[in-house]
Amino acid sequence: MALVPADARILFCGDLVGSAGRRALLRTLPSLRERLDPTFVVINAENVAGGFGITPEIADELFAAGVDVITLGNHSYRRREIYPYLDQHDRILRPANYLHAQPGHGHTVVERGGVRLGVVNLSGNLFMNAGRSAFIEADGLVDRLTGAADHILVDMHAEATSEKVGMGWYLDGRVTAVVGTHTHVPTADARILPRGTAYITDVGMTGARDSVLGVKRELAVQSLVTQMPVRLVPAEGDPWVQGVLIIASQPMRADSIEQLLISAAP
Ligand SMILES: [Fe+2]
Ligand SMILES: [Fe+2]
């Protein structure tokens, strides 16, 4: 038995896309808090600013709404104004396996009610631009955070399902949860792995479902049909909040992972 209390309920929501995603989360969070009683709220917000990146104003708004940690991904640097913010604020993360010279950092520890949650953001290396290996970086961060945190949540932001599944197996028993983001489509494989790590390949996105991955569908389809550049903008219709609730009672182990697919229509 642990000497420290390790009861934690972790709400993690997938990529917020545009203002529809931001509004869907902000509108739904109070009722989610009531119903799910999360100890920690962690969200991926790499697409929240017009579909690409995040601004300091939006990050401030999400933190003010009670979000504990924001994770990002390949769109981390789309807005220049966020660079100093990434260096200055502990609770917003870009992938840890980016180059050290790139702005920001990739892990943090937050404490609520005596329970410490370590959060790690990683980028896949397959079909993605990440300067260093996600797997080697994960080893180092798990070593560093074990003892400094009761739980570790890893946001594995990756394109290839194989790489995300591999990361789940690689970290099974060493972290509380490995959750996938980036592909914006929720997968049906949420489960507790044999050594106690909660895993899902993609939690989905928080944004307009009347879209192609959160982007206006006419524009996305036009780009696919014509094979020509099209300026993509976020869609608005049929907003949903997509994520998971992970419940844990023992350090670095999950009891359950529940998929959340919630209509957030105004
Ligand atoms: Fe995304
Ligand atoms: Fe992404």
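Structure shown above.
Definitions and cut-offs
Residues numbered from 1 in each chain as written. Chains lettered and ligands numbered in written order. Predicted model: local features only at pLDDT ≥ 70, side-chain atom pairs only at ≥ 80, totals over all residues. Heavy atoms only, no water. Donors = N, O, S within 2.8 Å, 3.2 Å for Na, K, Ca; no water. Tetrahedral: all angles 85-135°; square planar, octahedral: opposite > 155°, others 65-115°. Buried < 20%, exposed > 50% of the residue type's maximum accessible area, 1.4 Å probe, protein only. Salt bridge = Lys/Arg side-chain N within 4 Å of Asp/Glu carboxyl O. Helix = DSSP H or I, 4+ residues; strand = E, 2+ residues; numbered from the N terminus. Contact = heavy atoms within 4.5 Å. Pairing = 2+ DSSP bridges. Lys, Arg positive; Asp, Glu negative; His and termini not counted. Polar contact = N/O pair within 3.5 Å; in protein donor to acceptor, adjacent residues only side chain to side chain.

*Asks:* Can you tell me about the coordination of the iron ion (ligand 2), naming the residues and giving the values?
*Replies:* Surrounding the iron ion (ligand 2) are the protein donor atoms Glu 46 (OE), Asn 74 (OD1), His 157 (NE2) and His 182 (ND1), which sit 2.1 to 2.2 Å from the metal. Coordination at the iron ion (ligand 2) is irregular: its four donor atoms span angles of 86 to 143 degrees at the metal. Spacing between the donor residues of the iron ion (ligand 2) along their common chain follows E-x27-N-x82-H-x24-H. By relative accessible area, which is 1% here, Glu 46 ends up buried.

*Asks:* Go over the pattern of salt bridges, please, and point to the residues and values.
*Replies:* By the definition in use, this model includes nine salt bridges. Arg 22 is paired through a salt bridge with Glu 61; the nearest N and O atoms lie 3.2 Å apart. Placement of Arg 22 in helix H1 (residues 18–36) and of Glu 61 in helix H2 (residues 56–64) is noted, with a sequence separation of 39 residues between them. Across the salt bridge formed by Arg 209 and Asp 238, the nearest N and O atoms sit 3.1 Å from each other. With a gap of 29 residues between them, Arg 209 in the loop between strand E11 (207–208) and helix H6 (217–226) and Asp 238 in the loop between H6 and strand E12 (239–248) connect regions that are remote in the sequence.

*Asks:* So, the environment of Cys 13: which residues are in play, and what are the values?
*Replies:* Mapping Cys 13 onto the fold places it in strand E1 (residues 8–13). Judged by relative accessible area, which is 1%, Cys 13 ranks as buried. Along the primary structure Cys 13 and Gly 50 are separated by 37 residues, whereas in three dimensions their C-alpha atoms are 18 Å apart. Ignoring sequence-local partners within four residues, the contact set of Cys 13 consists of Leu 25, Val 42, Ile 43, Asn 44, Val 203, Thr 206, Val 241, Gln 242 and Gly 243.

*Asks:* Just give me the short version of the sheet that holds strand E9 (residues 191–192), but keep the residues and values in it.
*Replies:* With mixed pairing, the six strands of this open sheet are ordered in space as E5-E6-E7-E8-E10-E9. At either margin of the open sheet sits one strand with a lone partner, and together these are strand E5 (107–112) and E9. Relative to strand E10 (residues 198–200), strand E8 (residues 177–181) is paired through three bridges, and the arrangement is parallel. Residue pairing for E10: Val 179 is matched across the bridge by Ile 200.

*Asks:* Explain the side chain of Arg 94 to me, and be specific about the residues and the numbers.
*Replies:* Note on placement: Arg 94 falls in the loop between strand E4 (92–93) and E5. Buried and without a salt bridge, Arg 94 has Asp 87 as its closest oppositely charged side chain, separated by 6.5 Å. A distance of 3.0 Å separates a polar side-chain atom of Arg 94 from the backbone oxygen of Gly 104. Dropping the residues within four chain positions of it, Arg 94 is found in contact with Leu 72, Ser 76, Tyr 77, Leu 99, His 100, Gln 102, Pro 103, Gly 104, His 105, Gly 106 and Asn 121.

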